[in-house]
Every structure is written in C-alpha cells, then in structure tokens.
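# Structural features, examined
Here are the chains, one letter per residue:
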Amino acid sequence: MLRIYAPASSANISVGFDTLGAAISPIDGSLLGDVIQIEDCATQFEFESVGYFVRKLPKEPQKNIVYQAYVLFSERLKLRNQLVKPLRLTLEKNMPIGSGLGSSACSIVAALVALNQFHQDPFSDMELLEMMGGLEGRISGSIHYDNVAPCYMGGVQFMVQSLGSICQRLPFFDNWYWVLAYPGIEVSTAEARAILPKSYTRQDVISHGRYLGSFVHACHTHQENLAAVMMKDVIAEPYRQQLLPNFAEVKQAAQDLGALATGISGSGPTMFSIAPDLTIATKVADYLEKHYLQNNEGFVHICKVDNQGARQLG
Ligand SMILES: Nc1ncnc2c1ncn2[C@@H]1O[C@H](COP(=O)(O)OP(=O)(O)O)[C@@H](O)[C@H]1O
Ligand SMILES: N[C@@H](CCOP(=O)(O)O)C(=O)O
C-alpha cells in the first residue's frame, strides 16, 4: 500500500499567467493538499473518495478526475502492451474545490504519481506531466501546466514547453513567506478564464513582457526587491478582481502592513501576499483572517514554497 501526497499550488504568481506556478506548504507542518492511497485489490478496480471536501465533488465516480486519471493511465499503459494491475484507489479530498489553490491538480498529480509508482514507474516525469496537463485541461477548458507542474515537481516552475521540457525550476527566494487566504467561496477556473479578454492592447503586451522578463531576471540574479516590484498582473487581475470580495481594499491593506506583493492565487478566490519576514506575515495573516474570510470554510495559512512537490507519506 502506498500513500501519495500532492501539495497545493499558487499559479500565475501575478506576473506569469499560465507560465509560472509555485508549490506551497504551511510552515506549521500541516498538509495542505490531497492524498491518494493505492493498494492491491481482489477485483480489477475500486475507487472511493473520503475527506471534508468530498461532498463538493460530482456524485458519479466517472466524473471524478481521479477516476479519469486511472482510465487515461490504463489506456497509455495498454499502448505499451502492459496491463494495469488490479487496484483500489482512495482519494482523501482535503482541498476546497474552485479555490485557486490547484485543487484539481492535487488530485490529478497524486493519482498519477501513485499509479506510476504502483506499476514500477513505466512513465517518465515529462510523460506523466503531459498526462496531468491533459486532465487539467478537461476541467478548466484549456491545458495549463502552472498548477500540475509545481505540484508534481515542487518549487517555482516556469513553463518553457520547449525542447522536450514542459517546465523548468526557477531559482527563488526561500526567505519569503506566502500568506494564503481562502475566503470560503467558490470560483470556477473555467468561468474565470472565460471572462478574460480575447486580445490585449500593445501597451499591455509590452508591460507584460517587461514585468515577466524582469521578474525572471531578478530571480536569477537574486534581486528580491526587483522581483517583488515586477509581480504585476495586466492579464487577469484587472478582469478577475470583481470575483473576489473587496479585493482592491484588502490588497492595499496588505501592502500597507508591509507585504512585498499581493495578488490573486490562480484564478481565485484565494489571495496571496508575500512577506519578507514572519512578523509581517503574521500581521498580514491576522488582517486577512478578520477582513477577507466570508464564512467558516475560509482559512489563512502562512506558507513557504514547497521544494519537494508530490511525495510518498510515511
Ligand atoms: N478530484 C477532484 N478534485 C477537484 N475537482 C474535481 C475533482 N474531480 C472532479 N472535479 C471537478 O473539477 C472542477 C474543479 O474546478 P476548478 O475550478 O478547476 O477547481 P480548482 O481551481 O480548485 O482546481 C469542479 O467542477 C469539480 O467538481
Ligand atoms: N493559470 C490558470 C491557473 C488556475 O489555477 P486554479 O488554482 O484556480 O485552478 C488561470 O489563471 O486560469
């Protein structure tokens, strides 16, 4: 029996729509992510979902992305003249759905990593990642790797999607604290993508290029102030902020408390704020707890980048 954990992720990081994402873990050691348990089974396939957020998932097992991951994995294995072993999958659904924390990615990544390990790793990292992106695309309407890549590989990943690599790890600032605030309401990624403009002005395209290029340069040259200043979003935030409760006001307050940068995590409604030290992170977390959460399903976590990504639990 194997238990695989896949961590939450924060996609876009303001400046890299669909091209940047970070795996995230709370500093208190708690697990913010989904777990898949895989074990031998007397029948060919059994699937069960448990955990707090299971009630928000589709009732039909076939609509669960973990079930679909199993079907895709079996088809790909068959193409290699191998058969999937009889197995039982249990999804522990700990991540809220439509949260901007890569909930679907957590399930997809944990499922495919578990299936691959259970069959002695027939697929390479990039083959698995390509399957993960395809499954994510079924949910959000278009393939984007900025949740599955960091969730699987850990760290901050940049989607190069060239020369046989889907993503490459970006050097980052390990001293930064990420304050993540999930308000407890749901925003569908597909809908948050559908409201974005079909085209952008030349000025927006130039600004986006400057921000993203400078940010990546700053990461490589260890200039954290430059990186933070460049975390600006002209692609999604101006259009999506209407989906988040009092976003502009809360963002300003976080900046006033000393946050280096604040933005929408993925497609929202989770917000992230980057703090240079634990004192500021704690102040920002307290503020967001009081002013951003909408109900008792909401939460705030002080996190750091999770450099490990998906992993086997004890
Ligand atoms: N195991 C799963 N985990 C999360 N979402 C799932 C899963 N299986 C199916 N879904 C469906 O996928 C969609 C996920 O929505 P989305 O807005 O992309 O969430 P997130 O941004 O948190 O990944 C929902 O419609 C949900 O019902
Ligand atoms: N780049 C995507 C990321 C969606 O992340 P999620 O955590 O909200 O699924 C987008 O911004 O649409």
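Residues numbered from 1 in each chain as written. Chains lettered and ligands numbered in written order. Predicted model: local features only at pLDDT ≥ 70, side-chain atom pairs only at ≥ 80, totals over all residues. Heavy atoms only, no water.

## Digging into the pattern of salt bridges
- All chains considered together, the criterion is met by 13 salt bridges.
- Across the pair Glu-48 and Arg-88 runs a salt bridge, and its minimum N-O distance is 2.7 Å. In this pair, Glu-48 sits in strand E4 (residues 45-50) while Arg-88 sits in strand E5 (residues 87-92), placing the two residues 40 residues apart along the sequence.
- Given a relative accessible area of 34%, Glu-48 falls into the partly exposed group.
- Take Arg-88: its relative accessible area is 22%, and that puts it in the partly exposed class. (Salt bridge = Lys/Arg side-chain N within 4 Å of Asp/Glu carboxyl O. Helix = DSSP H or I, 4+ residues; strand = E, 2+ residues; numbered from the N terminus. Buried < 20%, exposed > 50% of the residue type's maximum accessible area, 1.4 Å probe, protein only.)

## Overview of the environment of Gly-209
- Mapped onto the fold, Gly-209 is located in helix H6 (residues 202-220).
- The class of Gly-209 is partly exposed, set by a relative accessible area of 43%.
- Separated by 101 residues in sequence, Gly-209 and Ile-108 have C-alpha atoms that sit 31 Å apart.

## Some points on the side chain of Ser-273
- Mapped onto the elements, Ser-273 comes out in strand E10 (residues 271-275).
- Owing to a relative accessible area of 1%, Ser-273 belongs among the buried residues under this scheme.
- Only 2.6 Å separates the side chain of Ser-273 from the side chain of Thr-262, close enough to count as a polar contact.
- Not counting the four nearest positions on each side in its chain, Ser-273 is found in contact with Tyr-177, Trp-178, Val-179, Ala-254, Ala-259, Ala-261, Thr-262 and Val-284. (Polar contact = N/O pair within 3.5 Å; in protein donor to acceptor, adjacent residues only side chain to side chain. Contact = heavy atoms within 4.5 Å.)

## Focus on the site of ligand 1
- In the vicinity of ligand 1, 17 residues are found, and the nearest of them are Ile-65, Lys-93, Gly-98, Ser-104 and Thr-189.
- At a separation of 3.4 Å, an oxygen atom of ligand 1 approaches a polar backbone atom of Ser-99.
- Residue Ser-107 places a side-chain N or O atom 3.0 Å away from a nitrogen atom belonging to ligand 1.
- Burial of ligand 1 by the protein chains amounts to 84% of its free accessible area of 550 Å².
- With three residues, the top contributor of residues to the shell around ligand 1 is helix H2 (residues 103-118).
- Grouping the amino acids of the shell around ligand 1 by side-chain chemistry returns seven nonpolar, eight polar and two charged. (Near = heavy atom within 4 Å. Areas by Shrake-Rupley, 256 points an atom, 1.4 Å probe, with all protein chains shown as cover. Nonpolar A, V, L, I, M, F, W, Y, C, P; charged D, E, K, R; others polar.)

## Focus on the packing of aromatic side chains
- For the structure on display, the rule yields 13 aromatic pairs.
- An angle of 65° between the planes, with centres 5.6 Å apart, marks the rings of Phe-45 and Tyr-67 as edge-to-face. You can see Phe-45 sitting in strand E4 and its partner Tyr-67 sitting in helix H1 (residues 65-78), a full 22 residues away along the chain.
- Residue classification places Tyr-67 among the partly exposed residues on the basis of a relative accessible area of 23%.
- For the pair Phe-73 and Phe-123, a centre-to-centre distance of 5.4 Å together with 80° between the ring planes defines the contact as edge-to-face. Here Phe-123 lies in the loop between H2 and helix H3 (125-140) and Phe-73 lies in helix H1, a separation of 50 residues in the sequence.
- Members of the aromatic cluster, joined through ring pairs, are Phe-172, Phe-173, Trp-176, Trp-178, Phe-215 and Phe-272.
- Arg-55 extends its terminal NZ or CZ atom over the ring of Tyr-52, reaching a point 4.4 Å from the ring centre. (Phe/Tyr/Trp six-rings, centres within 6.5 Å; stacked < 30°, edge-to-face > 60°. Lys NZ or Arg CZ within 6 Å of the ring centre and 35° of its normal.)

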